[in-house]
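What follows is each chain in one-letter form.
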Amino acid sequence: MDRDRRKLLAGVGVGAVGGIAGCTGTDSPDDSGNATTTATSNSSKKKTPDSDRVVTGSELEEYETVSFTMQSYTKSLLPQRYEWTHLFHDQLVNKLGVEAEVQIGQVGQIFDNWVNVDYDVNMAGWSGKPSRIDPNTFLSAFHTDGGLYTPNYSNPEYDELVEKSQRETDREARKELVMEAQQILAEDVPVVFLFADDALAATNTANWSNYTSQIGDQNYVHVWNLMSMEPQGDLPAIKAGTLFPATLNPMAPTKSADLMGLKMVYDRLVRLGPDGQPQPWAATEWTAPEPDTFDVTLRDDMTWHDGEDVTPEDVTFTIEFLQEWGVPYMKSFYDPIESVEVVDDNVVRFNLESASASFTGVNLALLFILPKHVWDGLPEDEGLEHPKNYNDTQYVGSGPFTVNTFEESNRVVFDVYDDHWADFNVDSFIWKKYGGKTQALATVEKGDASWVVNIQPGQFERAKQNQGVEANGVSQHGWKAIYMNNARRPFDDKMFRKAVAHATDKERVIKLVYGGRADSIEGPIPPANDFWHNPDLPSYDGGEEKARRMLFEAGYRWNEDGTLLMPKE
Amino acid sequence: MNLLETRNLSVEYGTDEGPLRAVDGVDLSVESGEILGVVGESGCGKTTLMKAILNLLPENGDVVEGDIQFDGRSLIDIPESELRPIRWEDLSYIIQNAMTTLDPVYRIGSQFVEIIRTHRDVSKSEARSMAGEMLEDVGIDRSRLSDYPHELSGGQRQRVVIALALVLDPKLVIADEPTTGLDVVTQEEILKLIKRIQKSFDSAVVLITHDISVVAEIADRVAVMYGGELVEVGPTSDVFHRSAHPYTMGLMNAFPSIEESADELVSIPGSPPNLVDPPTGCRFTERCPFATEECYEEPPEETVGERHRSRCHYTAQAPEFRERSERAETWTADESVRPEGVYNE
Amino acid sequence: MNVQRLKYLLKRLGLSLVSLWLVATILFLIFRLLPGDPTTSVIAPQMSQQARQELAAQYGLTQPLHVQYVYYLKNIVTMNLGNSFQYSSPVTEIISGRLVNTLVLMVTSVTLAYVLGVVVGAFLAWKRDTRIDVFGVGIVLVMYAAPVFWTGMLGLMVFSFRFGWVPSGGIHSVTFVADGFWDNYISTDFLHHLVLPVTVTTLYFLSVPALTMRNNLLDVLREDFIEMMRAAGLSEYSILYRHAARNALLPVLHYAAVSLGFAIGGSVIIEKVFSWPGLGRLIWQATLAQDYPLAQFSFLMLATIVIGLNFLADVLSAYVDPRVAVEQANTGGE
């Protein structure tokens, strides 16, 4: 207990300044960095095992020690994760008697190891981006052919369920399949699902009111909030933060902040609502005549910022333009589209390579519409290698905002586009970058900015004390897990993985590290994603005793020092 | 009349261990146009004495007793404003170590000009031509005025420094170790130069040196200092041929004269006394091969000859001492009284 | 003499160019030896391995290393530095915008620091061994030792968060509208934002010139030529300012040029604390994101500035201090 407390204090200390020391820090797992340190916690003690579970003498020959490395990120980058990595490490050593070592490294290394499944154990997390609300993103992450990120887990039954759910365009029927898939994961425990920690934010309520929150960690930077926000007088909406778009060229995005900026200027056919479910936007409606065919009807009252009408040809052009030039960051959104055609006055048909139930909730909600009359032939005319290199100063989109000023790494001033059909109470939206969350929060507290998101627990507590500021923790759909390499011993053994899950005391960590502001989870779709979440999953709270019994029954033993042994292969 | 005269001059430095009396009751005089050599080992108070005369004592140094008369007026407690016109015009200084005596970042000419124009109401070009003449007098080409100090050799720099000291035709030049650090040939040239210049300008020169052979060459009179006191003073030939103080005799053995060869040199064992807590009586007692019990009493100042004085109890036995002092074993025989065996310099 | 000086300067110039080439090569290698690659920072769960490859190809990273190196050197020589991976716009454009912000902050601070530092140092030397000197040196040492991150945050907490006298960061108010380019840097809004960062940075950089000046001056005042000048009856003013100060100032000058170089590159923390959109942060982010073109050329530019200023300091010294050229030429440089 004392030990945990001490660690916690250290963690909170870093947490409070993490916004400064921790750089871009919050856009996990997109952060980068290099240099590695390896730290081993040696103060955790192994339990003395029951005598009947101990092997000695020549019997020892048949066993080998269970030892592995747990990879995680630096304290300055992800302070909370650094803390809970050590807490879980201690729990596993203490409760199971494993020989475990913590390896701390920078993103360039640890994240790459995760992607390439080069680890025993990797402490991983998914941030709650809007594109991840559709269940397919997280379910695919455990599909055998899921590409990156699977922990070498493979279950044909599960694969089939995921594929079926992608073909099922009926929401309720799809929901059934999604529930079932979650059930399988919860039983197979490919990873130990830990928790979905709240997105902590602070809003200034003295100068602005009527915020609209959206699930996920990109809270408040969405049109619903900008539409509902009511400022005093003619104040603009002001976001203060550390994330900032590097480019507003729609052919050049390489990070989520870029998309967050672009979506103000460039409209999408579909936008995800505050609850994360797809809402009509530039499209009034969509139908799926076949699971692999979508007919999307375009609004007819839209114009580009230069006054031209938005036409269905712009939509088809956009897809073809993206596919022709390639924008890797958006590739997964346009790649599944086999062809696109105008089928009626205002209807565009998307023919997909295969059935995709997530098409509207992911692909259409993320692809922008570009003006054909601006981009067609532009790379050739300008002599560009790629349209991403176009030095755009006009930013002609059809979105609710135009770009007034874009000062790199400082601020963007978006002005409301008067001819847009959506209504706003504000005249402009300013996105202001700060060097750290502390400064950004101070600006919100002073009433010079409307909101700041993804603050640290210490800053959250401070904001709570401040009148005129509302600190809120929003449940979100991103989550954290202990990724175990299912292809390596002993993690290839389901029983061992389950024992690890039982030995993992999540509630305690939620209390210690997150001050209770996180949802415990048993699968990849957290409670915040209400529609798709399966609330009836089995939980692993048997604790140490259950874990040790399971291990014993599965053939694991201990030596006299209390170190866990597994039978040799 | 004496140009410079010190009466019972005492100088103390404040140190962590207490007051250090670097110059103790010195009576010394310099006449116009003469060269006075002041000799003694390092730490005997020669430089302090000169700095006191020049009003250049460091912050922790102070004249505690006595008087300095220069050209008919006292230099003690003289205000800076009255002192400044005397400086260089009447009393100039050739500082130890010519290598660092000139400001490295200014050309030689401008240093001359600045000093000249501080004292004389002349134009820059006039000052420059004065400097040029002076340089040629010391055997340096006039064009060197536009050089920086580092562009000159050591001997040349010493010449420049001498020229600089003499450019305003001062009544008295104090030269502190003007030949130290120079090779023997250059030393010789510099000494000749000082002698020649002194003659032609008719300045008085006080030449401070630890090298008694230097003094022998050019000084009219010699003053020997030991432990802050003046132990012997007199005309050069008297002091050299009829040394009355054992310390003078020791010094003569310790330095090669031009004619003597080096293997006959004998240093005086030991080192000068600690002046924070000086020994009673004669300060040379501890190192003196002829010392007796009586030497722990304050020695009288004895007149040896005309203008030749010595502070020794046994001035009368000087001829015998002189003879014995020429033998090396006199200085080395009794090791037991000099346990440290510390050889000076 | 002048031939000697010219020879010396040419030699320094040659050395500078060789240093630059070495730095450029080391930069090239270092970035490619770092674990991960530029696509790591771009990678997102929706990106397949194939998309990652495509991105690497767009960045030109699929070519063999030696080909990349030749391109890289060619780019440097032709000053066509390519496009940033993250920003997609030309590196030169991105750097120049940030460089101005950094220069405004750092040149102001370093200049102030050196002017004030020299004055403070001379003052302390003048008051040597008095209580003022001891106290002053103490304060200067504390300012030197205190991490600028800490003093910066302290400054913000007191003067911005607590009293609200200065903004909490950035170069302009959120809603500032510039009236032309220069208005960005001369408006009261900008100056208001500049005050605290400049103060903190100046105080930080002040210590080196102050202490150097103090110690140099004390050393110089002990020099023989100073004593000779006293003996020569020169006025105290002339001795202190014409002679002692000029001699003491030389090493400080040299430091100033070098510090400015380091200040420009090492401004990350200051810029981060004060949300200053400057070069330091740009480089830092570019390095983290492994944005090779941007990171390499920013570092190279910094190296050029440092080496260039060093060279400039050498040139200056060769003129201000006549000994330098000769000594260096004779001893064959450093």
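Reading guide: rules and limits
Residues numbered from 1 in each chain as written. Chains lettered and ligands numbered in written order. Predicted model: local features only at pLDDT ≥ 70, side-chain atom pairs only at ≥ 80, totals over all residues. Heavy atoms only, no water. Helix = DSSP H or I, 4+ residues; strand = E, 2+ residues; numbered from the N terminus. Rg over C-alpha atoms; globule rule 2.2 N^0.38 Å. Buried < 20%, exposed > 50% of the residue type's maximum accessible area, 1.4 Å probe, protein only. Contact = heavy atoms within 4.5 Å. Buried area = accessible area lost by both parts, 1.4 Å probe. Salt bridge = Lys/Arg side-chain N within 4 Å of Asp/Glu carboxyl O. Polar contact = N/O pair within 3.5 Å; in protein donor to acceptor, adjacent residues only side chain to side chain. Patch = residues over 30% accessible without salt bridge, like charges linked within 9 Å, V, L, I, M, F, W, Y side chains within 5 Å. Areas by Shrake-Rupley, 256 points an atom, 1.4 Å probe, with all protein chains shown as cover. Pairing = 2+ DSSP bridges. Nonpolar A, V, L, I, M, F, W, Y, C, P; charged D, E, K, R; others polar.

A. Up close: the overall build of chain A. Each helix and strand counted, chain A has 18 helices and 25 strands in total. Radius of gyration (C-alpha) of chain A: 25 Å, near the 25 Å computed for a compact globule of 569 residues. Taking the principal axes of its C-alpha atoms as reference, chain A extends roughly 85 × 55 × 45 Å. Counting all 569 residues of chain A, 65% fall into the buried class. The contacts of chain A with a sequence gap of at least 6 include a subset with a gap of at least 24, amounting to 73%.

B. Geometry of the interface of chain B and chain C. Counting residues at the interface gives 28 residues for chain B and 26 residues for chain C. For the pairing of chain B and chain C, the buried interface totals around 2400 Å² over both sides, and the portion due to carbon and sulfur atoms is 59%. Of all residues in chain B, B:V105, B:Y106 and B:E114 bury the most surface against chain C, accounting for 24% of the area lost on that side. Taken together, the links from chain B to chain C amount to two salt bridges. The closest approach of N and O atoms between B:E114 and C:R242, which form a salt bridge, is 3.3 Å. Where chain B packs against chain C, one counts twelve residue pairs in polar contact (both at pLDDT 80 or more).

C. Highlighting a nonpolar patch on the surface. Among the surface-exposed residues, C:W150, C:L154, C:M157, C:V158, C:F159, C:F163 and C:W165 lie close enough to one another that they form a single nonpolar patch of about 700 Å² accessible area. Here C:V158 lies in helix α7 (residues 148-162).

D. Geometry of the pairing of strand β18 (residues 411-416) of chain A. Residue and element names in this part refer to chain A. The element β18 is extensively covered by neighbouring structure, given that five of its six residues are classed as buried. In this structure, the hairpin formed by strand β17 (residues 401-407) and β18 is closed by a connection of three residues, where S409 is found at a positive phi of approximately 60 degrees. By the bridge criterion, five bridges tie β18 to strand β19 (residues 428-433) in an arrangement that is antiparallel. Across the sheet, F414 pairs through a bridge with F429, a residue of β19.

E. Quick look at the side chain of C:Q68. Residue and element names in this part refer to chain C. Note that Q68 resides in helix α4 (residues 65-78). Looking at Q68, its side chain comes within polar contact range of the side chain of R32, at 3.0 Å. Excluding residues within four positions of it along the chain, Q68 makes contact with F28, R32, G60, L61 and Q63.

F. Geometry of the interface of chain C and chain A. Listed by partner, the interface residues are 57 residues for chain C and 55 residues for chain A. Across the interface of chain C and chain A, roughly 4700 Å² is buried in total on both sides, 53% from carbon and sulfur atoms. Across the chain C-chain A interface, the total number found is zero salt bridges. Only α2 (38-42), α3 (49-58), α5 (91-126), α7, α12 (268-273) and α13 (279-288) of chain C provide two or more residues apiece to the side of chain C that touches chain A. At seven residues, the largest contribution of residues to the side of chain C that touches chain A is made by α3(C). Class assignment for the residues of the side of chain C that touches chain A results in 29 nonpolar, 22 polar and six charged.

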